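Structural features, examined
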Amino acid sequence: MNSRDIELAHLDGEQRELAECIGIDAYRTLSQAYGGGSVYVAKAEAILKDERDRRIFREYNGRNVHALALKYSLADNTVRKIIRSLQGLFKQEGGCT
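This text gives an overview of the structure that appears in the document. Note that the structure is a prediction, hence the values are computed from the model and not measured.

The secondary structure content of the protein amounts to five helices and zero strands. Along its sequence from the N terminus, the protein presents helices and strands in the succession α-α-α-α-α. In terms of overall dimensions, the protein has a C-alpha envelope of 60 × 30 × 15 Å along the principal axes. For the protein, the residues scored as buried account for 19% of the 97 residues in total. Of the roughly 7,600 Å² that the protein leaves accessible, carbon and sulfur atoms contribute 51%. Charge centroids of the protein, computed over 15 positive and 14 negative side chains, lie 13 Å from each other.

This is the structure:
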């Protein structure tokens, strides 16, 4: 028997929920590649955070911290931290982000 033989009826609990979420074919592929191991799946927010921060930095005009905070559902302080962080990176690298 191998992963191609796995059917939804063979799965219980969290494994079944996962197969229902991603589809049985994707579950089989996942089982083949990572079976027996532990896999962390990052939240979309974490994956897309750097891109969001670069957008904020590009859109910043020196006077729009609050507008950016509203647009990206962040606190004003968080927007300021992002801008400071990327300004520092920009200065270190000597170029655009």
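With 16 residues, helix H3 (residues 44-59) should cover 22 Å at 1.5 Å per step; its first-to-last C-alpha distance of 22 Å lies within 8% of that length. Along its length, H3 shows its largest kink, about 40 degrees, at Asp50.

So, about the packing of helix H1 (residues 13-22) against helix H2 (residues 24-34). Between H1 and H2, the least distance of the axes is 6 Å, while the angle of their chain directions is 120 degrees. Put simply, H1 runs oblique to H2. Mapping the contact onto sequence places Gln15, Leu18, Ala19 and Ile22 in H1 and Ile24, Ala26, Tyr27 and Leu30 in H2.

Another aspect to go through is the environment of Gly62. Position of Gly62 relative to the elements: it lies in the loop between H3 and helix H4 (65-71). Each C-alpha atom, one on Gly62 and one on Tyr27, is 48 Å from the other, the two residues being 35 residues apart in sequence.

This part takes up the side chain of Asn64. Relative to the helices and strands, Asn64 resides in the loop between H3 and H4. A distance of 2.9 Å separates a polar side-chain atom of Asn64 from the backbone oxygen of Glu59.

Within the largest apolar cluster, 10 residues are counted, these being Ile56, Phe57, Val65, Leu68, Ala69, Tyr72, Val79, Ile82, Ile83 and Leu86. Elements supplying a minimum of two residues to this core: H3, H4 and helix H5 (76-93). Top element by residues in this core is H5. It accounts for four residues. When neighbours within four sequence positions are excluded, Ile82 is seen to be in contact with Arg52, Asp53, Ile56 and Leu74.

A few words now on unusual backbone geometry. For Ser73, which is not glycine, the phi torsion reads 55 degrees and is therefore positive. Considering the arrangement of structural elements, one finds Ser73 in the loop between H4 and H5. Residue Ser73 is classed as exposed on the basis of its relative accessible area, which comes to 67%.

The rules we used
- Residues numbered from 1 in each chain as written.
- Predicted model: local features only at pLDDT ≥ 70, side-chain atom pairs only at ≥ 80, totals over all residues.
- Heavy atoms only, no water.
- Helix = DSSP H or I, 4+ residues; strand = E, 2+ residues; numbered from the N terminus.
- Buried < 20%, exposed > 50% of the residue type's maximum accessible area, 1.4 Å probe, protein only.
- Areas by Shrake-Rupley, 256 points an atom, 1.4 Å probe, with all protein chains shown as cover.
- Lys, Arg positive; Asp, Glu negative; His and termini not counted.
- Charge placed at Lys NZ, Arg CZ, Asp CG, Glu CD.
- Expected span 1.5 Å × (residues − 1).
- Bend = angle between axes of the 7 residues up to and from the residue.
- Axes fitted to C-alpha atoms, helices over the stretch in contact; angles between N-to-C directions.
- Parallel < 35°, antiparallel > 145°, perpendicular 65-115°, else oblique.
- Contact = heavy atoms within 4.5 Å.
- Polar contact = N/O pair within 3.5 Å; in protein donor to acceptor, adjacent residues only side chain to side chain.
- Core = buried A, V, L, I, M, F, W, Y, C linked by side-chain atoms within 4.5 Å.

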